[in-house]
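Chain and residue survey
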Amino acid sequence: MSRKHNLLVHIDALYRSAVYLTKNETNADDLVQETFLKAFKFLKSDKEIDNVKAWLFKILMNTFINKYRKDKREPSLVDFDSVESFYGSLEEEAQMSPITENEAEFNKLLDDDVKKALEGLPDDFRMVILLSTVEGFSYKEISKMVDCPVGTVMSRIYRGRKMLKEKLADYAKKYGYESE
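Throughout what follows, the structure given in this document is the object of discussion. Quantities reported herein were computed from a predicted structural model and do not represent experimental measurements.

**Details of unusual backbone geometry**
With a phi close to 60 degrees, K23 is a non-glycine residue in the positive phi region. Relative to the assigned elements, K23 resides in the loop between α2 (11–22) and α3 (25–43). Relative accessible area serves as the criterion here: at 21%, K23 is assigned to the partly exposed category.

What follows is the structure in structure tokens.
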């Protein structure tokens with residue numbers, strides 16, 4: 001039973017990634033709930049899990065791919081009010097609880113231009129960027145989560161970062177990260 005309680009320490013990280021993947025708080029809630037449902041069902045078999053966080057993210061990614069991405073019939077609508085409230089809750093969470101160095105750096109950079117650029121990436125690229133940059137998973141761990149070779153993960157991260165760089169060129173100039 002104690003292993004089940006250990007799963008819950010990852011709920012915030014899973015939810016944060018689910019919001020980015022689904023672009024909708026309601027769907028993110030459903031995705032995280034389904035992830036935990038699958039995890040708890042699996043743990044009934046008393047099998048040991050080596051890396052619980054990576055295992056939960058793999059379930060999250062597979063559930064997203066199977067349910068939300070393949071069944072998507074129409075373009076997703078972004079509810080800007082819920083996105084704003086999500087980022088507001090991130091700021092509150094940052095003040096109330098300790099966060100990792102990667103998360104702190106990421107939250108500093110999360111201004112509207114950066115958020116829009118990240119949300120504008122294709123799902124495959126956004127997923128690996130989030131898992132690598134925000135959650136700090138290794139290429140090998142990400143490879144297992146998204147069921148593709150490590151080389152593909154590396155390529156997606158490289159190409160995703162390149163797309164972000166292109167989308168944020170004006171932002172970089174505006175804030176002095178890149179000269180005119």
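**Details of the packing of helix α9 (residues 139–146) against helix α10 (residues 150–167)**
In contact at an axis separation of 8 Å, α9 and α10 are set at 105 degrees when each is read in the N-to-C sense. Relative to α10, α9 is oriented roughly perpendicular. Mapping the contact onto sequence places Y139, K140, I142, S143 and V146 in α9 and V150, V153, M154 and I157 in α10. The class makeup of the residues in the contact of α9 with α10 is 7 nonpolar, 1 polar and 1 charged.

**A word on the nonpolar core**
By size, the foremost hydrophobic cluster in this structure holds 44 residues, and its most contacted members are W55, F57, L60, M61, L131, I142 and V146. The element contributing the most residues to this core is helix α4 (residues 52–69), with 9 residues. Look past the residues within four positions of W55 in its chain and what remains in contact with it is L7, A39, F42, L43 and I49.

**Digging into the packing of aromatic side chains**
Scanning all chains against the criterion turns up 3 aromatic pairs. Where F57 meets F137, the ring centres are 5.0 Å apart and the plane angle is 65 degrees; that geometry is what we call edge-to-face. Highlighted residues: F57 in helix α4 and F137 in the loop between α8 (123–134) and α9, separated in sequence by 80 residues. For F57, a relative accessible area of 0% gives the class buried. Over the aromatic face of F137 sits the side chain of K53, whose NZ or CZ is 5.4 Å from the ring centroid.

**Focus: the packing of α8 against α9**
Two numbers describe a pair of packed helices, the interaxial angle and the distance between the axes. Contact geometry for α8 and α9: axes closest at 10 Å, N-to-C directions at 140 degrees. The angle between α8 and α9 places the two elements in the oblique class. For the crossing formed where α8 meets α9, the hand is right-handed. Residues M127, V128, L131 and S132 of α8 pack against I142, M145 and V146 of α9. Of the residues contributing to the contact of α8 with α9, the split by class is 6 nonpolar, 1 polar and no charged.

The rules behind the values
- Residues numbered from 1 in each chain as written.
- Predicted model: local features only at pLDDT ≥ 70, side-chain atom pairs only at ≥ 80, totals over all residues.
- Heavy atoms only, no water.
- Helix = DSSP H or I, 4+ residues; strand = E, 2+ residues; numbered from the N terminus.
- Buried < 20%, exposed > 50% of the residue type's maximum accessible area, 1.4 Å probe, protein only.
- Axes fitted to C-alpha atoms, helices over the stretch in contact; angles between N-to-C directions.
- Parallel < 35°, antiparallel > 145°, perpendicular 65-115°, else oblique.
- Contact = heavy atoms within 4.5 Å.
- Nonpolar A, V, L, I, M, F, W, Y, C, P; charged D, E, K, R; others polar.
- Core = buried A, V, L, I, M, F, W, Y, C linked by side-chain atoms within 4.5 Å.
- Phe/Tyr/Trp six-rings, centres within 6.5 Å; stacked < 30°, edge-to-face > 60°.
- Lys NZ or Arg CZ within 6 Å of the ring centre and 35° of its normal.
- Left-handed = near helix turned anticlockwise from the far one by under 90°.

That's the geometry; what it means functionally is another story.
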